[in-house]
Structure formats: structure tokens, C-alpha cells
Amino acid sequence: MLNSQNNENNFRNWHYSNYGDYHRNLDLNWSYAPTYLRKKKIVSSFFLSLANKDVKILDAACGEGVFVEELRTQGWDIRGIDLNYSSLFVEMGDVRNLPYENNSFDVVLFLDALEHLSFADQPIALGEIFRVLKPQGKLLLAVPNLAHLNSRFKFFLFGKLDRTDNELDHIGERPIWENKDLIQKAGFKILSYTGVTFTVPVIYRRIICRQTKKFRWLHDLLEPMSQLFPSLAMLTFFSCEKPINDVLNR
């Protein structure tokens, strides 16, 4: 287990104890940086699309709470929860056992977290999110796609998958169609989905990832392909809704 720091409103475990607030203090040479910056734009656009700010929001497994802090300063009613981090903006808690009443939130963010859970725990976490969402509440979920373009290319040629992180960290990484099935089995209606980061073989790993800051323009130039072919993108954003009918039947 990684070392942790535990003071009032200051707990750091997992990667945060070794690397600090690595999303808040973004290194533009981090290979994931262009993906993360694109993710921030999608989240911003999602909130701009909401009719008003009179909604209750939960950022589940929110890490450092970057979105929590930014959205709260903009006037949104948002709270964050994470198992490995706490601060003035983030309370400690487990997405598999959320400490909130049924139908508490209008919107839940669940970003880059599902893949860190085991296959057995993923339905539990999605079930908890479904439970705390109000009827017709919205879920914005981001999750890696194990079947992205370079992963298919490597598997075809070498019998190896191109994971977005090591298998001990992303223990629940799945291809896009398995994620879609998992979300729908949890009771959610998928309204739309889009891709982020188009992993052209050779170009992505050997050029973009090795000199990320220098070649961010190349990542962004390829980005429209992720939207056209989300099944080949490295990350998938799902916009989902908790249907009224499912609530009545449960």
C-alpha cells in the first residue's frame, strides 16, 4: 500500500501520496495531458448545456477535486467524494457505498474511475450512482476503451493489447461495447457518446506520447477522428440518464 498523509481535510493515498496533485498541477509533457485537457473541455460544454445552475451535482471518485473547485467557484452546487483523497473540496468516501440518500443528485460525474474497479465491483458502483441520482438525472461518465485503434493494431500484429495504464492499476479496463452493455445493465439510458484521443499506430505512442507538449497540435489535429469513430478512440464519454420507468419498476 502506498504511504498516506492524514491531517484535517488533507488525506493523500494511492498515486496522490507519491505524485501530489498531478491533475491540478498538470505537466504538459505527461502523455495523458492532451486527453485530460480535451476531457476538461467536454465537461465544461456539458455544464454549459444545462438549463440552469439550480441542480445538485456529485463528482464521484473525483481525485483532487479539480472540477469540484472550478464549478463551485462558478456558482454550481457540487460536492466531491474520493476514496484516496480529501481536502476542503473533497470528502472521503467509496463510490461502491455512497453516503447519500436515494434520489439526492440531479447530475453525477464519474470520470476516469470505473476502470480502477474490479469487474465485480463495477456494477456495484454504477448501482450506487443510479440510486443517488434523481429520476431523469444525468450521468456523465468517462472510461478508457481497451479496443482503441492502436490496441487493435498491436493485438493483430503482436498479440498484445495497448492498455491506457498497467493492468494492476486499470484492473477493470474493457472495450467500448462492454462498457456500453455494463452501463445499460445498471439501468441507465445512454443518450450519446463520443471519443477522445485517436491513437493512430506509431504516431500516437512513438511521437505524441514521447514529446507530448511539442506534438499536442498533432493530437488535436487527429481529434475529429475520435468523434467520427468513437469505437477506435482511447477514451469514451457517455452521457446517460436515469429513466423514470426504471425507477418505477425497481
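Use the structure listed above.
As the structure is a computational prediction, the values presented were derived from the model and not from experiment.

Undergrad: Describe the pairing of strand β7 (residues 105-111), and please don't skip the residues or the numbers.
TA: Extensive coverage of β7 is indicated by the burial of six of its seven residues. One ladder, built from six bridges, connects β7 with strand β8 (residues 133-144); its direction is parallel. Within the sheet, the bridge partner assigned to V107 lies in β8 and is K138. Read as a crossover between parallel neighbours, the route from β7 over helix α4 (residues 122-132) to β8 is right-handed.

Undergrad: Mind laying out the environment of R24, listing which residues take part and the relevant values?
TA: Mapped onto the fold, R24 is located in the loop between α1 (15-19) and α2 (33-48). Along the backbone, R24 and G63 are 39 residues apart, and their C-alpha atoms lie at a distance of 9.9 Å. Excluding residues within four positions of it along the chain, R24 makes contact with E64, G65, V66 and E69. Within the local environment of R24, its side chain forms a polar contact with the side chain of E69, the two groups lying 2.4 Å apart.

Undergrad: An account of the side chain of T236 is requested, with residue identities and associated values reported.
TA: Mapped onto the elements, T236 comes out in strand β10 (residues 233-241). Filtering out sequence-adjacent residues up to four positions away, T236 remains in contact with L141, A142, V143, N145, I176, Y193, T194 and P230.

Undergrad: Can you break down the sheet that holds β10 residue by residue, with the values?
TA: Ordered in space as β6-β4-β3-β7-β8-β10-β9, the seven strands form an open sheet in which the pairing is mixed. With one partner strand each, in any of the chains shown, β6 (90-92) and β9 (189-198) form the two edges of the open sheet. On average, adjacent strands in this sheet sit at an angle of 20° to one another, irrespective of strand direction. Summarising the sheet, strand β3 (residues 56-60) and β7 pair through four bridges and their orientation is parallel. Bridge pairing in β7 links D59 to L109. Sitting on the sheet, α2 touches β3, β7, β8, β9 and β10, and the angle it makes with β10 is about 15°.

Calculation notes
- Residues numbered from 1 in each chain as written.
- Predicted model: local features only at pLDDT ≥ 70, side-chain atom pairs only at ≥ 80, totals over all residues.
- Heavy atoms only, no water.
- Buried < 20%, exposed > 50% of the residue type's maximum accessible area, 1.4 Å probe, protein only.
- Helix = DSSP H or I, 4+ residues; strand = E, 2+ residues; numbered from the N terminus.
- Pairing = 2+ DSSP bridges.
- Right-handed = clockwise from strand over helix to strand, strands pointing away.
- Contact = heavy atoms within 4.5 Å.
- Polar contact = N/O pair within 3.5 Å; in protein donor to acceptor, adjacent residues only side chain to side chain.
- Axes fitted to C-alpha atoms, helices over the stretch in contact; angles between N-to-C directions.

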